[in-house]
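# Analysis of the macromolecular model
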Amino acid sequence: MNFHLSAHDVKTPAIALNGIEKSFDALKVLENISLVVSPGEVVALIGTSGCGKSTLLNIIADLLQPDRGEISVNGAVNNLRSDRDRIAYMFQEDRLLPWRSIRANVAFGLEAQHMDRSTRRAKADAMLAHVGLSDFAKSWPHQLSGGMRSRVALARSLVVEPRILLMDEPFSKLDPQTRSQMHGEVIRLQKMHGITILFVTHDIEEAVVLADRIVMMSPRPGRIRSIKTLDLSRPRIPTDPVVSEQIRQLRVEA
Ligand SMILES: Nc1ncnc2c1ncn2[C@@H]1O[C@H](COP(=O)(O)OP(=O)(O)O)[C@@H](O)[C@H]1O
Ligand SMILES: [Mg+2]
């Protein structure tokens, strides 16, 4: 696997949003959202339910058009197709295809790429091993627990070797132990491949454990209320006094 950053990328923001606005009919959902995410950065998005977090991810993924404002991804303004292909999106629901085996679900994203069946299969299996599901390659989605399905969804997102990973409350259904296991996995894969990650969470502890910066949004219409840079070394253990103090502080602010 090789999707390291070139010198070009270091100067170019992974994601740049400038004055994004979005309404659904009379309902104004996003107001003047401007944010620059650097390559390799991990940014958490926190805000009350309905403040437009999923809408913002949908806009970045080019599933929705903003009413106003500019978006550039990997330097390509307004989402040129070639660069969008390097975005992976882990939706709020796992969206596994029930009629496909776990392996075939993970390999799904590779089918759009020019790659033979055995290569797809090998890549899918390697990614399943990363998320600890090698034994379930031939299982069906309905045979897996919610937590295991989330891990499959993560594997499916990462198998395409994205440069940018968008995740919408990715681990909210997991039990605490599996969740922290997944946090470790995300950090490990992020470090290995320099992926840029923008993720939505309700969980301040999750944001502090994973993120370089935390973006706090205001209730609808969603605006950026504040941005907090986390200057903590990794790995971040929630019970570590410095980390838990940061979590406590942010809970007060949120
Ligand atoms: N396709 C849509 N059509 C109409 N309203 C929508 C649509 N998508 C989202 N909304 C509304 O926009 C608001 C923000 O939604 P969303 O981005 O899902 O919020 P969040 O993810 O922060 O909970 C909500 O009030 C929601 O009902
Ligand atoms: Mg949402």
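Described below are features of the structure shown in this document. (Residues numbered from 1 in each chain as written. Chains lettered and ligands numbered in written order. Predicted model: local features only at pLDDT ≥ 70, side-chain atom pairs only at ≥ 80, totals over all residues. Heavy atoms only, no water.)

### A short note on the overall build of the chain
The criterion, for reference: Put simply, DSSP marks the helices as runs of H or I at least four residues long and the strands as runs of E at least two long, and each gets a number from the N terminus on. For this measure, only C-alpha atoms enter the radius of gyration; the expected value for a globule follows 2.2 Å times N^0.38, where N is the number of residues. For the exposure calls, accessible area comes from a 1.4 Å probe over protein chains only, and a residue counts as buried if that area is under 20% of its type's maximum, exposed if over 50%, partly exposed in between. Every residue pair with non-hydrogen atoms within 4.5 Å of one another is taken to be in contact.
When its secondary structure is counted, the chain shows nine helices and 10 strands. Radius of gyration (C-alpha) of the chain: 18 Å, near the 18 Å computed for a compact globule of 254 residues. A principal-axis box enclosing the C-alpha atoms of the chain has dimensions of 45 × 45 × 40 Å. Across the 254 residues in the chain, those meeting the buried criterion constitute 52%. The contacts in the chain between residues at least 6 apart in sequence include a share of 67% that link residues at least 24 apart.

### Some points on the site of ligand 1
Condition: We call a residue near a given molecule or strand whenever any one of its heavy atoms falls within 4 Å of it. Pairing of N or O atoms within 3.5 Å defines a polar contact, subject to two protein rules: one partner must be a possible hydrogen donor and the other a possible acceptor, and residues neighboring in sequence count only if both atoms are side-chain atoms. Only the protein chains shown count as cover for residues, and all accessible areas are computed by the Shrake-Rupley method using a 1.4 Å probe. Residue polarity follows a fixed list, in which Ala, Val, Leu, Ile, Met, Phe, Trp, Tyr, Cys and Pro are nonpolar, Asp, Glu, Lys and Arg are charged, and the others, Gly among them, are polar.
Inspection of the region around ligand 1 gives Phe24, Leu27, Val29, Thr48, Ser49, Gly50, Cys51, Gly52, Lys53, Ser54, Thr55 and Arg220 as its neighbouring residues. Between ligand 1 and the protein, one listed contact pairs an oxygen atom with a side-chain N or O atom of Lys53 at 2.8 Å. In isolation ligand 1 has 560 Å² of accessible area, and contact with the protein removes 59% of it. Breaking the shell around ligand 1 down by element, the ones donating at least two residues are strand 2 (27-37) and helix 2 (53-60). The element that contributes the greatest number of residues to the shell around ligand 1 is helix 2, accounting for three residues. Looking at side-chain class alone, the shell around ligand 1 contains four nonpolar, six polar and two charged residues.

### Section: the packing of helix 6 (residues 146-158) against helix 7 (residues 176-193)
Here is the rule we go by: Every axis in this analysis is a line fitted to C-alpha atoms, fitted for helices over the stretch in contact. Angles between the N-to-C directions lie between 0 and 180 degrees. Each angle is binned into one of four classes, with values under 35 degrees roughly parallel, values over 145 roughly antiparallel, values of 65 to 115 roughly perpendicular, and all other values oblique.
For the pair helix 6 and helix 7, interaxial distance at closest approach is 12 Å and the crossing angle is 10 degrees. Here helix 7 runs roughly parallel to helix 6, going by the angle between their axes. Contacts from Arg151, Leu154 and Leu158 of helix 6 reach helix 7 at Thr178, Met182, Val186 and Leu189. Partitioning the contact of helix 6 with helix 7 into residue classes produces five nonpolar, one polar and one charged.

### Section: the packing of aromatic side chains
Filter applied, for reference: Geometry of aromatic contacts follows a simple scheme: Phe, Tyr and Trp rings, the Trp one being its six-membered ring, pair when their centres are within 6.5 Å, and the pair is stacked under 30 degrees between planes, edge-to-face over 60, tilted otherwise. Working rule: Lys NZ or Arg CZ, within 6 Å of ring centre, within 35 degrees of ring normal, means a charge sits over the ring.
Applying the stated rule across the entire model yields one aromatic pair. Considering the side-chain rings of Tyr89 and Phe91, the 4.2 Å spacing of their centres and the 35 degrees angle between planes classify their relative orientation as tilted. Overall, the relative accessible area of 22% leaves Phe91 in the partly exposed class. The positively charged end of Arg95 is found above the aromatic ring belonging to Phe91, 3.7 Å away from the centroid.

### Here we look at the nonpolar core
Here is the rule we go by: Throughout, nonpolar core names a set of buried Ala, Val, Leu, Ile, Met, Phe, Trp, Tyr and Cys residues whose side chains join them through atoms within 4.5 Å. Where each domain starts and ends comes from a domain assignment, either automatic or drawn from a database.
In this structure, Leu154, Met167, Val208 and Ile214 are the most contacted members of the largest nonpolar core, which totals 50 residues. When residues of this core are assigned to their parent elements, the largest contribution, six residues, is made by helix 6. Taken domain by domain, this core gets at least three of its residues from each of domain 1 (1-84 + 164-170 + 198-254) and domain 2 (87-161). Other than its neighbours up to four places away in sequence, Val208 contacts Ile214, Leu230, Leu232, Arg236, Val243, Gln246, Ile247 and Leu250. The next biggest cluster of nonpolar side chains, apart from the first, holds 27 residues, and it includes Val29, Cys51, Ile59 and Tyr89.

### Considering the side chain of Gln190
Looking at the element boundaries, Gln190 is found in helix 7. Judged by relative accessible area, Gln190 falls into the buried class, the value being 10%. Contact partners of Gln190, with chain neighbours within four places excluded, come to Gly40, Val42, Ile195 and Ile197.

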